[in-house]
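Single-letter residue listing:
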Amino acid sequence: LAALAVCLVAGTAWSGEFYEKDGAALTGHDAVAYFNDGKSVKGSAEHKASYKGSTFYFANEANRAAFSASPERYAPQYGGYCAFGTASGYKAKIDPAAFTIVAGKLYLNYDRAVQKQWSADIPGFIAKADAKWPEVAKQTSVYE
């Protein structure tokens, strides 16, 4: 994974505080569904909400309303970037299906292989990522 840190790609576009792909946070997946359905569910532009300058999509109006009422409850940690990457000191994109909910918080990973590494010491990686996020958040390059 050291290669991930070396292979950063500049110029990933985002308009708000969260990693976005094609203009949508969580690559267009429903943040509330992770908690309610226990899985990654694609959202729709028909049901969207803005939070901290980013656009979030939802599978239905009920999920959009729940998010709008309490976005900090559902928004992913570390701006929706890979939690393992954050713990390692850099921003990386995510696979929306590679996620973990810990103590009521949503953590995303680059892919399932990285998620397996993350799972080996989730409390340790969360502590590292929490400590590194203030500096990582300032980075303009993202490993794609």
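Definitions and limits used
- Residues numbered from 1 in each chain as written.
- Predicted model: local features only at pLDDT ≥ 70, side-chain atom pairs only at ≥ 80, totals over all residues.
- Heavy atoms only, no water.
- Core = buried A, V, L, I, M, F, W, Y, C linked by side-chain atoms within 4.5 Å.
- Buried < 20%, exposed > 50% of the residue type's maximum accessible area, 1.4 Å probe, protein only.
- Helix = DSSP H or I, 4+ residues; strand = E, 2+ residues; numbered from the N terminus.
- Contact = heavy atoms within 4.5 Å.
- Pairing = 2+ DSSP bridges.
- Salt bridge = Lys/Arg side-chain N within 4 Å of Asp/Glu carboxyl O.
- Bend = angle between axes of the 7 residues up to and from the residue.
- Polar contact = N/O pair within 3.5 Å; in protein donor to acceptor, adjacent residues only side chain to side chain.
- Phe/Tyr/Trp six-rings, centres within 6.5 Å; stacked < 30°, edge-to-face > 60°.

K.L.:
In this structure, what is going on with the nonpolar core? I would like to understand it.
P.N.:
The nonpolar side chains of a soluble globular protein tend to be buried, and buried together. In this structure, Phe 56, Phe 58, Phe 67, Cys 82, Leu 108 and Trp 118 are the most contacted members of the largest nonpolar core, which totals 36 residues. For this core, the elements supplying multiple residues, two or more each, are helix 2 (31-36), strand 3 (44-51), strand 4 (54-58), helix 5 (83-88), strand 6 (105-109), helix 6 (112-119) and helix 7 (122-136). In terms of residues, this core owes the most to one element, helix 7, which gives four residues. Ignoring anything within four residues of it in the chain, the contact list for Phe 58 reads Asp 30, Ala 31, Val 32, Gly 43, Ser 44, His 47, Lys 48, Ala 49, Asn 63, Arg 64 and Phe 67.

K.L.:
I tried to follow the pairing of strand 4 on my own but got confused; where do I start?
P.N.:
Residues in a regular strand project their side chains so that they alternate between the two faces of the sheet. Buried residues dominate strand 4, accounting for four of its five residues. Bridge count between strand 3 and strand 4: five bridges; the pairing is antiparallel. The residue of strand 4 that forms the bridge with Ser 44 is Phe 58. The loop that links strand 3 with its antiparallel partner strand 4 comprises two residues; one of these, Lys 52, has a positive phi angle of about 50 degrees.

K.L.:
Sorry if this is basic, but what is going on with the pattern of salt bridges here?
P.N.:
Overall, the coordinates contain two salt bridges when judged by the stated rule. Residue Arg 64 is joined to Glu 61 by a salt bridge in which the shortest nitrogen-to-oxygen separation is 2.6 Å. Here Arg 64 pairs with Glu 61, and both are found in helix 3 (residues 61-69), just three residues apart, close to one helical turn.

K.L.:
How should helix 7 be read in this particular structure?
P.N.:
Every α-helix carries 3.6 residues per turn, so stepping three or four residues along brings you back to the same face. Bending of helix 7 peaks at approximately 35 degrees at the position of Asp 130, with proline Pro 134 no more than four residues after it. All of the buried residues in helix 7 are Ile 122, Phe 125, Ile 126, Ala 129 and Val 136. Where helix 7 begins, one side-chain oxygen reaches toward the backbone nitrogen of Gly 124, 3.1 Å away; that side chain belongs to Asp 121.

K.L.:
Where do I start with the packing of aromatic side chains in this structure?
P.N.:
Aromatic ring pairs are reported here in terms of the distance separating the ring centres and the angle at which the planes meet. All told, the structure shown has 16 aromatic pairs when counted by the stated rule. Relative to Tyr 74, the ring of Phe 35 lies with its centre 5.4 Å away and its plane at 80 degrees, an arrangement referred to as edge-to-face. Residue Phe 35 is found in helix 2, and its partner Tyr 74 is found in helix 4 (residues 71-74); the two are separated by 39 residues along the sequence. With relative accessibility at 4%, the residue Tyr 74 sits in the buried group. Relative to Trp 118, the ring of Tyr 107 has its centre 5.5 Å away and its plane inclined at 40 degrees; by these criteria the two rings are tilted. Within this pair, whereas Tyr 107 is found in strand 6, its partner Trp 118 is found in helix 6, the two being separated by eleven residues in sequence. Note on accessibility: Tyr 107 and Trp 118 belong to one class, buried. These aromatic residues form a ring-pair network of at least three members: Tyr 19, Tyr 78, Tyr 81, Phe 84, Tyr 107, Trp 118, Phe 125 and Trp 133.

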